[in-house]
Amino acid sequence: MRLSKYFMPILRDDPKEAEIVSHKLMLRAGMIRQESAGIYSWLPTGFRVLKNIEQIVREEQDRAGAIEILMPTIQSADLWRKSGRYDDYGREMLRITDRHDRDMLYGPTNEEMVTDMFRAGVQSYKDLPRNLYHIQWKFRDEVRPRFGIMRGREFYMKDAYSFDISAEAGRHSYNKMFVSYLRTFARMGLKAIPMRAETGPIGGDQSHEFLILAETGESEVFFDRDFYDMNWSEFEIDYDDVGKVAGIVDEFTAKYAATDDMHDVAEYEKRVPVEKRLSGRGIEVGHIFFFGTKYSEPLGCIVQDETGQSATIHSGSYGVGVSRLAGAIIEASHDESGIIWPEAVAPFRVGLINLKVGDVATDAKCDVIYRGLNDVGVTVLLDDKDDRAGAKFARMDLIGLPWQIIIGPRGLKDGVAEVKNRASGERENVPFDRIINLFAD
Ligand code: P5A
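Presented here is an overview of the structure given in this document. (Residues numbered from 1 in each chain as written. Predicted model: local features only at pLDDT ≥ 70, side-chain atom pairs only at ≥ 80, totals over all residues. Heavy atoms only, no water.)

So, the overall build of the chain
For the chain, the helix and strand inventory stands at 13 helices and 23 strands. In terms of overall dimensions, the chain is globule-like: its C-alpha atoms have a radius of gyration of 24 Å, near the 22 Å expected for 441 residues. Going through the 441 residues of the chain one by one, you find that 52% of them count as buried. Put simply, of all contacts in the chain between residues at least 6 apart along the chain, 70% involve residues at least 24 apart. Carbon and sulfur atoms make up 46% of the accessible area of the chain, which totals about 20100 Å². Computed over 58 positive and 72 negative side-chain charges, the separation of the two mean positions in the chain equals 5 Å. (Helix = DSSP H or I, 4+ residues; strand = E, 2+ residues; numbered from the N terminus. Rg over C-alpha atoms; globule rule 2.2 N^0.38 Å. Buried < 20%, exposed > 50% of the residue type's maximum accessible area, 1.4 Å probe, protein only. Contact = heavy atoms within 4.5 Å. Areas by Shrake-Rupley, 256 points an atom, 1.4 Å probe, with all protein chains shown as cover. Lys, Arg positive; Asp, Glu negative; His and termini not counted. Charge placed at Lys NZ, Arg CZ, Asp CG, Glu CD.)

Encoded structure:
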């Protein structure tokens with residue numbers, strides 16, 4: 001992409017309305033635009049990040065055996081009346097009446113709809129287990145939408161729903177999602193600590209939230225320092241191996257970690273030695289629930305079991321805050337100059353800076369490198385705008401692409417470009433003929 005033909009409205013100053021760093025940086029880098037309270041448009045660079053996050057989430061859901069579907073954002077109130085949540089959900093639910101005076105709503109979540117879909121399509125225990133997921137916009141009329149897309153009213157969620165013949169089988173489905181979440185967040189460069197959690201309006205008896213630590217997090221968290229020494233990255237796992245999957249869950253739940261809602265001071269002090277007690281604030285990027293027959297019972301989601309008897313299906317639901325993650329990653333990865341994108345989610349991998357736009361030789365060299373990188377599949381943003389060098393450097397640092405390649409008349413004489421790593425700040429002069437290979441995988 002050429003910056004001169006792109007749409008990335010950069011703000012020079014910190015926007016007044018933004019209280020936390022991710023919100024500030026997303027606005028300044030021209031990633032999002034507020035349309036109403038808690039409702040945002042995603043501008044081109046923001047949209048690319050959102051899609052990258054979504055794709056990682058999708059790949060890890062697929063790997064864990066979940067099957068992708070797409071349900072609508074607008075739902076009929078009927079099923080919610082059957083489950084009893086139409087009244088329970090209160091004012092957080094955006095209620096709509098259609099032209100025939102039918103009660104509709106903008107879905108805050110999809111337990112009812114997916115349970116009814118599964119009920120209609122399933123016949124026997126042989127059709128189990130299954131896990132259906134979608135990645136779709138949700139709406140919750142939060143009392144206090146704030147922190148930009150971090151607590152929006154409209155937000156993008158991955159929600160998966162498991163269906164099993166028994167509570168015991170359901171436990172394995174829950175565990176698979178637990179492990180897939182560790183993998184998902186690790187791929188984005190995040191250590192999201194699983195913590196026991198309350199189940200709130202979703203319900204059920206077992207639940208974990210996945211939180212990443214950040215000063216601006218909304219929850220207070222208490223945990224064992226040992227989490228830092230755990231293996232966060234290598235979960236090469238056979239999801240059909242019930243014992244191994246449970247083993248990883250046991251390992252990550254053996255250590256104390258709880259949000260303030262669930263914090264038990266006596267247990268904390270008993271289980272965690274003083275020198276290992278850590279507390280701080282966290283951002284919830286995922287939340288998983290096992291609620292058994294809470295929805296399948298009122299919605300009649302029943303199958304014939306092996307003995308020919310009717311059995312009510314056991315279910316769980318598993319959410320990832322896809323849009324929230326864009327902000328959460330920035331909270332975890334930035335410096336005073338701007339965002340530092342992990343490669344896996346960066347809007348472009350490389351920012352190519354032309355220091356002397358209009359100079360024939362510099363323009364030509366930038367063009368060659370630009371096309372060469374594109375040819376080998378490296379995403380690159382070419383800064384071909386006619387600005388001062390200082391402004392170009394500041395803008396590139398602000399938007400946080402992992403690599404910068406800087407080309408100007410001085411380097412041109414020596415046949416080199418300067419390559420800068422945004423995260424470490426390290427710079428190296430690299431001969432032009434080695435640049436493409438440096439980035440080609
Ligand atoms: C699980 C999937 C559920 O809704 N039903 C389907 C269950 N869980 S949850 O915890 O309420 O939400 C799942 C994740 O969505 C993100 N999230 C939000 N992101 C931005 N703005 C919001 N207002 C918002 N509310 C929830 C969180 O990451 C949460 O873990």
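Observations concerning the sheet that holds strand β23 (residues 427-431)
Either a parallel or an antiparallel arrangement is found when strands of a sheet pair, and the pairing is made through backbone hydrogen bonds. One open sheet holds the five strands; their spatial order is β20-β19-β21-β22-β23, and the pairing between them is mixed. Either end of the sheet is taken by a strand with one partner, and the two such strands are β20 (380-383) and β23. Neighbour-to-neighbour, the strand axes of the sheet open up by a mean angle of 25°, direction not taken into account. Bridge count between strand β19 (residues 350-354) and strand β21 (residues 403-407): five bridges; the pairing is parallel. Within β21, the residue paired with V350 across the bridge is W403. (Pairing = 2+ DSSP bridges. Axes fitted to C-alpha atoms, helices over the stretch in contact; angles between N-to-C directions.)

So, the site of the ligand
E111, R140, E142, G152 and E284 are the nearest of the 23 residues found near the ligand. Between the ligand and H287 there is a distance of 3.1 Å, counted from an oxygen atom to a side-chain nitrogen or oxygen. Its free accessible area being 600 Å², the ligand has 95% of it covered by the protein chains. Ranked by the residues each element gives to the shell around the ligand, the list is headed by strand β13 (residues 277-292), at five residues. When the residues that make up the shell around the ligand are grouped by side-chain class, the tally is nine nonpolar, seven polar and seven charged. (Near = heavy atom within 4 Å. Polar contact = N/O pair within 3.5 Å; in protein donor to acceptor, adjacent residues only side chain to side chain. Nonpolar A, V, L, I, M, F, W, Y, C, P; charged D, E, K, R; others polar.)

A look at the pairing of β13
Judged from the eight bridges that link them, strand β10 (residues 206-213) and β13 form a sheet pairing that is antiparallel. Bridge assignment links S207 to a residue of β13, and that residue is F289. Sheet topology places strand β11 (residues 219-224) next to β13; six bridges connect them, and they run antiparallel. Within β13, the position partnered with S219 by the bridge is G282. Of the strand pairs in this sheet, β13 and strand β16 (residues 314-321) are connected by six bridges, and their pairing is antiparallel. Bridge assignment links H287 to a residue of β16, and that residue is G319.

Section: the packing of aromatic side chains
A full pass over the atoms with the stated rule returns 17 aromatic pairs. Judged by centre distance (5.8 Å) and plane angle (75°), the rings of Y6 and F348 are edge-to-face. Note that Y6 is positioned in the segment before α1 (21-28) and F348 in the loop between β18 (338-339) and β19, a separation of 342 residues in sequence. Judged on exposure class, the residue Y6 and its partner F348 are both buried. With centroids separated by 5.7 Å and ring planes inclined at 80°, the aromatic side chains of W80 and Y89 adopt a geometry described as edge-to-face. Like W80, the residue Y89 is buried in the burial classification. Here a set of aromatic residues connected by ring pairs shows up, and it is made of F178, Y181, F185 and F210. Seen from the ring of F348, R48 lies directly overhead, with NZ or CZ sitting 4.0 Å from the centre. (Phe/Tyr/Trp six-rings, centres within 6.5 Å; stacked < 30°, edge-to-face > 60°. Lys NZ or Arg CZ within 6 Å of the ring centre and 35° of its normal.)

Some points on the pairing of strand β6 (residues 103-106)
Inspection of the sheet shows strand β4 (residues 74-76) paired to β6 by three bridges, in the antiparallel sense. The residue of β6 that forms the bridge with Q75 is L105. Pairing between strand β5 (residues 94-97) and β6: four bridges, direction antiparallel. Note on β6: the bridge partner recorded for R95 is L105. In textbook terms, the turn of a hairpin is the stretch between consecutive antiparallel strands, and for β5 and β6 this stretch comprises five residues, one of which, D101, has a positive phi near 65°.

Considerations on unusual backbone geometry
P129 follows L128 through a cis peptide bond whose omega is -5°. We note that D101 has phi near 65°; this positive angle belongs to a residue other than glycine. Among the structural elements, D101 can be located in the loop between β5 and β6. Overall, the relative accessible area of 64% leaves D101 in the exposed class. If you check the backbone angles, F147 has positive phi at about 60° while not being a glycine. Note that F147 resides in the loop between β7 (130-139) and β8 (154-164). On the basis of relative accessible area, F147 is assigned to the buried category, the value being 11%.

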